Amino acid sequence: MTRLHLRRGRAKPLWHGHPWVYSGAVARVEGECAPGDVVEVVDFEGRVIGRGFSNPRSQIVCRLATWRADEALDAAWLARRMGEAIALRRRLGLPSDRTDAYRLVNSEGDGLPGLVVDVYGDVAAVQFTALGLQLRAEEVFDSIERALGPRAIVEVGGQAFAEAEGFVPQVGPRRGEAVAVARVRENGLAFEVDLYAGQKTGLFLDQRENHEAFGALARGARVLDLHAYAGGFALHAARGGAASVVAVDVSRRAVERARENALTNGLAILAVEADAFHYLEAAPRESFDLVACDPPKFARARKDLDAALKGYRRLNALAMAAVARGGVLLTCSCSQLVSEEDFQRVIAGAAVDARRTARLLRVSHQAQDHLVPVGFPEGQYLKCLWLAIQ
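A short tour of the structure in this document, coming up. (Residues numbered from 1 in each chain as written. Predicted model: local features only at pLDDT ≥ 70, side-chain atom pairs only at ≥ 80, totals over all residues. Heavy atoms only, no water.)

1. Re the packing of aromatic side chains
- A complete count under the given rule lists eight aromatic pairs for this structure.
- With centroids separated by 5.2 Å and ring planes inclined at 70 degrees, the aromatic side chains of Phe214 and Phe233 adopt a geometry described as edge-to-face. With Phe214 in helix 6 (residues 208-215) and Phe233 in helix 7 (residues 232-239), this pair connects stretches of sequence that are 19 residues apart. Like Phe233, Phe214 is buried. (Phe/Tyr/Trp six-rings, centres within 6.5 Å; stacked < 30°, edge-to-face > 60°. Helix = DSSP H or I, 4+ residues; strand = E, 2+ residues; numbered from the N terminus. Buried < 20%, exposed > 50% of the residue type's maximum accessible area, 1.4 Å probe, protein only.)

Printed below as a string of structure tokens:
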């Protein structure tokens, strides 16, 4: 088996569970290595750390999938990992009568690097984010089919990942029926999921627990949901007894979907097609008691980081100005490159700009079915700050 020999001093994160080998950490390659091959990773002294999938085209030249030197990364390994992922979700109570939309496989968090599987009722939506398992797509679909028996398996987008990894995603039906829209439940609310034209794999499943916590704060409140998409925060707030709910998104398709989801659940919201910055600039000061601000990823590459931090500061200063004294702002960043420390620093600056006092109630992250390996901070991408505003 091809071996990647690491430079001196570069193995410690991997020994502690970090699954990525960066190109700069490799001293030499022993043997031939084609993109997607299984390789063995060894430290400077030649001790085997583990095995993973290689991709010399990527800055991440190997994604470790096992720390056992004798474990073959074959179809049996894939089926075993899939079974473990299903068993863990069952322990977490997924699916349930209230929720049948959840993440079954969260890439490195489930020991299947570069693979995301979201379950929407009886449909499995698959996204490949790295080359290794994309080359083994049929084995992936086989394992899902045997383990879950879904009505349909579809492959959804991930163009940015595909370009970075050097493959072409095969978006569309892959097994079973040709399904474009799925109907699901989240915390007892009904949602329609656009599998191909939506964000991520169709819904922001990582916010499921935050949606419910937000709704619990909404009784009697004037609520604003910024970057509302399908209306997750808005609908939970309306069900929670909000006095009024405004959902804002720049996408007409998203606004229409949020309206439809509200009607399906018999809830009243005002869905507005608008840019969040522009909406906030025109909004009366202190006109909302509870605000959710969950923008799309601002920093997709390191070169975008400075601009992203400025954008977060400006957006949150405007959002704080719209919150009534004694109100709550939930503000989120899904930019992996923005650390939690940096995000809190930006929010502190936004409070100065808005001439408001912001006190941290708590910090939350992605839902528990979005597992992250210990020692892998890059996996903890979602940062949500719950702020009391004065």
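2. As for the pairing of strand 10 (residues 152-155)
- Taking every second residue as pointing to the same face, both faces of strand 10 are buried, with Ala152 and Val154 on one and Ile153 and Glu155 on the other.
- Bridging between strand 9 (residues 123-128) and strand 10 involves four bridges; their strand directions are parallel. Its bridge partner lying in strand 10, Val123 is registered against Ala152.
- Of the strand pairs in this sheet, strand 10 and strand 11 (residues 172-176) are connected by four bridges, and their pairing is antiparallel. Directly across from Glu155, in strand 11, lies its bridge partner Gly172. (Pairing = 2+ DSSP bridges.)

3. Topic: the pattern of salt bridges
- Evaluation of the coordinates by the stated rule reveals 35 salt bridges.
- Arg222 is the partner of Asp289 in a salt bridge, and the nearest nitrogen-oxygen pair spans 3.0 Å. Residue Asp289 is located in strand 17 (residues 288-293), and its partner Arg222 is located in strand 14 (residues 222-226); the two are separated by 67 residues in the primary sequence.
- A salt bridge links Glu273 to Arg252, with the shortest nitrogen-to-oxygen separation between them at 3.1 Å. Taken together, the residues span a long stretch of sequence, with Glu273 in strand 16 (residues 270-273) and Arg252 in helix 8 (residues 252-264) at a distance of 21 residues.
- The exposure class assigned to Glu273 is partly exposed, which follows from its relative accessible area of 41%.
- Under the relative-accessibility criterion, Arg252 is labelled exposed at 53%.
- When salt bridges with common partners are traced through the structure, they connect Glu138, Asp142, Glu145, Glu155, Arg174 and Arg175 into a single cluster. (Salt bridge = Lys/Arg side-chain N within 4 Å of Asp/Glu carboxyl O.)

4. A few points about the sheet that holds strand 3 (residues 26-30)
- Taking strand neighbours across the sheet as the criterion, the six strands line up as 2-6-5-4-1-3 in an open arrangement whose pairing is mixed. Each end of this open sheet is capped by a strand with a single partner; those strands are strand 2 (20-22) and strand 3. Averaged over neighbouring strand pairs, the angle between their axes works out to 35 degrees when direction is ignored. (Axes fitted to C-alpha atoms, helices over the stretch in contact; angles between N-to-C directions.)

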